[in-house]
Amino acid sequence: MWCQRLAWLLGGQRGSTGRRWPWPVPAAPARCRPTAPASPRCAWQLHQDHLELSYGNTLMRLDFVWLRDHCRSASCYNAKTNQRSLDTASVDLAIRPQAVRLDETTLFLTWPDGHVTRYGLEWLLKNSYEGQKQQVMHPRILWNAEIYRQAQVPSVDCRSFLETDEGLKEFLQNFLLYGIAFVENVAPTKEDTEVLAKRISIIRETIYGRMWYFTSDFSRGDTAYTKLALDRHTDTTYFQEPCGIQVFHCLKHEGTGGRTLLVDGFHAAEQVLRQAPEHFELLAKVPLKHEYVENVGDCHNHMIGVGPVLNVYPWNNELYLIRYNNYDRAVINTVPHDVVRRWYHAHRALTAELRRPHNELWVKLKPGKVLFVDNWRVLHGREAFTGYRQLCGCYLTRDDVLNTARLLGLQA
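It should be emphasised that the depicted structure is a prediction, and the values quoted were computed from it without experimental measurement. (Residues numbered from 1 in each chain as written. Predicted model: local features only at pLDDT ≥ 70, side-chain atom pairs only at ≥ 80, totals over all residues. Heavy atoms only, no water.)

**Let's talk about the confidence of the model for the chain**
Averaged over every residue, the pLDDT of the chain is 89; residues scoring 70 or more account for 88%. Within the model, the stretch residues 1–38 combines pLDDT values under 50 with 74 contacts to residues more than four positions away or in other chains. (pLDDT = per-residue confidence, 0-100. Contact = heavy atoms within 4.5 Å.)

In structure tokens, the structure reads:
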């Protein structure tokens, strides 16, 4: 998209041809020094401490210190290592360019020491605050049960997943878009499940071990180690950084029930944002404690994680993590009296969305079918069951999964 031409603010410049580059910056800051556009597609204007640049239908406000700090010249930035060489602390916080020039693709800034900084306009559009506000960090498809079923997202065969980049890429694309993905025809053993997990990430070792393996024996002081139903929730909310990805593999079930419940938490949060934005804002700002207290046998743990239910990027309000677990939420003592009742109303609105039947995707896990769940997005639960049920799984480090996806050319 190309930007619209800025109007001239000083009447005497309206008849200018615009051929006045470079434009010198006065020693004493003026209120505002408008300049002629370099082309019909872009224009700029100097202010006391920043430059306004209109390009691509976006009006960017670029601080002079920011412009000096992000210089990509060879002396300021190492293009081989993609690391900054310039010492940010050495930049004069009152710096102003001596000259500014603009052509159709590039902004040129000459600094008081004679150093010249060059920026491609497309780079500025992508990396400015205003540009970032218009971008999505993680493209997703929000879903309820019907949307997911209609999409007919295929499972990936184990051999294709393990042995080909195409199979791995298809799996990761499904996972990034929907927050869940399945691999079929896996040998029903803990060892084979571990091989599968290591294909995309380092396994995150936690208080539950590296590869966890459990039945309904209540060996840990946790409701998950029973035959009872589990309401929708995300795991490890009591970690300062909740685990990113969870892997489930049902190795054996001799009995009834036990279906797995999956709910897209981001879809539910989006409905709250549309219907009651004040609730969304409150859930994104109020910090809560979640805790896990365990004193069973040799296991003694008391873990506390702090954070809001909804975690968003502040520049574009994009949701990136939901921390929802009514089992593990600790005493609410981080919220003042005049806020706590409003928080309960907001929490109730989100819970109502999460519990709507049309948002519930029920899946019967079986030996050979491995489920990967984005624990920062998709809530899981379980219906009560009878008989002997044996599961294994693990947690994966989120950064490594995203790194694998990027290496395969996916946006993650």
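Now that the structure has been shown, the text picks up again.
**Some remarks on the pattern of salt bridges**
This model, assessed by the stated rule, comprises 14 salt bridges. The shortest N-O distance in the salt bridge between Glu 318 and Arg 140 comes to 3.5 Å. In this pair, Glu 318 sits in strand 21 (residues 318–322) while Arg 140 sits in the loop between helix 3 (129–133) and helix 4 (145–151), placing the two residues 178 residues apart along the sequence. Residue Glu 318 is classed as buried on the basis of its relative accessible area, which comes to 10%. (Salt bridge = Lys/Arg side-chain N within 4 Å of Asp/Glu carboxyl O. Helix = DSSP H or I, 4+ residues; strand = E, 2+ residues; numbered from the N terminus. Buried < 20%, exposed > 50% of the residue type's maximum accessible area, 1.4 Å probe, protein only.)

**Concerning the pairing of strand 12 (residues 180–184)**
By the criterion of burial, strand 12 is predominantly enclosed, with four of the five residues buried. In the sheet, strand 11 (residues 156–157) pairs with strand 12 via two bridges, with the strands oriented parallel. Following the sheet pairing, Asp 157 is matched in strand 12 by Glu 184. As paired strands, strand 12 and strand 23 (residues 370–374) are joined by four bridges and run antiparallel to one another. Paired with Val 183 across the two strands is Val 370, which belongs to strand 23. (Pairing = 2+ DSSP bridges.)

**So, helix 7 (residues 190–198)**
Considered for burial, the residues of helix 7 that qualify are Thr 193, Leu 196 and Ala 197. Across the axial projection of helix 7, the buried residues extend over an arc of 95°, all falling on one side. Looking at the buried positions of helix 7, the neighbouring elements they touch are helix 5 (158–163), strand 12, strand 13 (203–204), strand 16 (245–254), strand 23 and strand 25 (388–396). (Arc of directions from axis to C-beta.)

**Observations concerning the side chain of His 115**
Structurally, the position occupied by His 115 is in the loop between strand 9 (106–110) and strand 10 (116–120). Residue His 115 is classed as buried on the basis of its relative accessible area, which comes to 18%.

**Focus: the nonpolar core**
Counting residues in hydrophobic clusters, the biggest one holds 28 residues, and the most contacted among them are Phe 171, Leu 172, Ile 200, Phe 372 and Leu 396. Elements represented by at least two residues in this core include exactly helix 5, helix 6 (165–178), strand 12, helix 7, strand 16, strand 23, strand 25 and helix 11 (398–407). If you tally residues by element for this core, the top one is helix 6, at five residues. Core analysis: the second largest hydrophobic core is formed by 26 residues, Val 286, Val 309, Ile 322 and Val 335 among them. (Core = buried A, V, L, I, M, F, W, Y, C linked by side-chain atoms within 4.5 Å.)

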